[in-house]
Amino acid sequence: MYGLVNKAVEELVVSNFGEEKWELIKEKAGVDVDVFISNEAYPDDMTYKLVGAASEVLGLPAETILVVFGEHWVLQTASKSYGPMMKSSGTSFRDFLVNLPNFHTRVAMIYPNLEPPRFQCTDVTENSLHLHYHSHRPGLTAFVTGLIQGLGKLYETPCSSKTIARKDEGADHDVFEVTWG
Ligand code: HEM
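Residues numbered from 1 in each chain as written. Predicted model: local features only at pLDDT ≥ 70, side-chain atom pairs only at ≥ 80, totals over all residues. Heavy atoms only, no water.

**Q** Describe the coordination of the iron atom of the ligand, naming the residues involved and giving the relevant values.
**A** Among all protein atoms, only His104 (NE2) binds the iron atom of the ligand, sitting 2.1 Å from it. Structurally, His104 is set in helix α6 (residues 93–110). (Donors = N, O, S within 2.8 Å, 3.2 Å for Na, K, Ca; no water. Helix = DSSP H or I, 4+ residues; strand = E, 2+ residues; numbered from the N terminus.)

Below is the structure:
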């Protein structure tokens, strides 16, 4: 994954737990990188190891870290560094989710070797939809839960999401039932 992902993990840890904990996490993960370069590709394995080590060092389940990271990604990384791109992708929570399937096409203009997730919306009503999440990467269901929560906060729209199908339980892909309003 591009360096901006690892950079965001670093920012999340450092701002909440301090520099020392981050150094410990990197050491435990066997990651010997001083500065992550946003537009440089790093092995996915490095990101997984960082999350695993963060879970051990901070004493939090990896799922919790992924949920919090999803929120942080939307509210800090995306909103602050890519504000115009986020704004142009929808004026409401519902709009943003409906446009999400096209979102990473634009991200790929900045990061040409992106291997993005694929989203699809079905069963769309005024206050609910099913969000389908396809990826070749395992274990990121909780990250998507956090992303949805973050978007709810960004649009000041109280929302909830429930995983109604999971790839790690044998389904073809993850499906989230999202409701709001
Ligand atoms: C401007 C904002 C965003 C940028 C710059 C961005 C960029 C990226 C990058 C660089 C990756 C790593 C993949 C790679 O390097 O090949 C990624 C992965 C991912 N992004 Fe985004 N993204 C943004 C917003 C979002 C939003 C709003 C969502 C969903 C609500 C989202 C969902 C995901 C997911 C689930 C992954 C994990 C990869 C996978 O599942 O295979 N992203 N994104």
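Don't stop here, the text continues.
**Q** A description of the site of the ligand should follow, citing residues and the corresponding values.
**A** Near the ligand, the surroundings consist of 25 residues, among which His104, Glu115, Tyr133, Ser135 and Arg137 are the closest. Within the backbone of Glu115, a nitrogen or oxygen atom sits 2.8 Å from an oxygen atom of the ligand. Ser135 is positioned such that a nitrogen or oxygen atom in its side chain is 2.5 Å from an oxygen atom of the ligand. Sorting the residues of the shell around the ligand by element identifies α1 (3–17), α4 (62–81), α6 and α7 (141–154) as the ones contributing at least two each. It is α6 that provides the largest number of residues to the shell around the ligand, a total of 5 residues. (Near = heavy atom within 4 Å. Polar contact = N/O pair within 3.5 Å; in protein donor to acceptor, adjacent residues only side chain to side chain.)

**Q** Could you give an account of the packing of helix α3 (residues 44–58) against α4, naming the residues involved and the relevant values?
**A** Orientation of α3 relative to α4, taken along the N-to-C sense of each, is 115°, at an axis distance of 9 Å. Between α3 and α4, the angle is such that the two are roughly perpendicular. The crossing of α3 and α4 is right-handed. Residues Val51, Ala54 and Ser55 of α3 pack against Ala62, Ile65 and Leu66 of α4. Grouping the constituent residues of the contact of α3 with α4 by class yields 5 nonpolar, 1 polar and no charged. (Axes fitted to C-alpha atoms, helices over the stretch in contact; angles between N-to-C directions. Parallel < 35°, antiparallel > 145°, perpendicular 65-115°, else oblique. Left-handed = near helix turned anticlockwise from the far one by under 90°. Contact = heavy atoms within 4.5 Å. Nonpolar A, V, L, I, M, F, W, Y, C, P; charged D, E, K, R; others polar.)

**Q** Could you give an account of the packing of α4 against α7, with specific residues and numbers?
**A** In contact at an axis separation of 7 Å, α4 and α7 are set at 40° when each is read in the N-to-C sense. The angle between α4 and α7 falls in the class oblique. Here α4 runs over α7; the crossing is right-handed. Counted together, Glu63, Leu66, Val67, Phe69, Gly70, Glu71, Trp73, Val74, Leu75 and Ser79 of α4 and Ala142, Phe143, Gly146, Leu147, Gln149, Gly150, Leu151, Lys153 and Leu154 of α7 form the full contact between these two elements. In terms of residue class, the contact of α4 with α7 is built from 11 nonpolar, 5 polar and 3 charged.

**Q** Go over the domain arrangement of the chain, please, and point to the residues and values.
**A** Partitioning the chain into structural domains gives domain 1 (3–60) and domain 2 (67–180). Distance from the C-alpha centre of domain 1 to the C-alpha centre of domain 2: 22 Å. Contact residues are listed per partner, giving 10 residues for domain 1 and 12 residues for domain 2. Where domain 1 abuts domain 2, roughly 920 Å² becomes buried across the two surfaces, and 70% of that area is made up of carbon and sulfur atoms. When residues of domain 1 are sorted by the area they lose upon contact with domain 2, Leu4, Leu12 and Tyr48 head the list and together hold 51% of the total. There are 1 salt bridge connecting domain 1 and domain 2. The tally of links between domain 1 and domain 2 comes to 3 residue pairs in polar contact (both at pLDDT 80 or more). Only α1 and α3 provide two or more residues apiece to the side of domain 1 that touches domain 2. In terms of residue count, the dominant contributor to the side of domain 1 that touches domain 2 is α1 (6 residues). Tallied by class, residues from the side of domain 1 that touches domain 2 come to 6 nonpolar, 2 polar and 2 charged. (Domains from an automatic or database assignment. Buried area = accessible area lost by both parts, 1.4 Å probe. Salt bridge = Lys/Arg side-chain N within 4 Å of Asp/Glu carboxyl O.)

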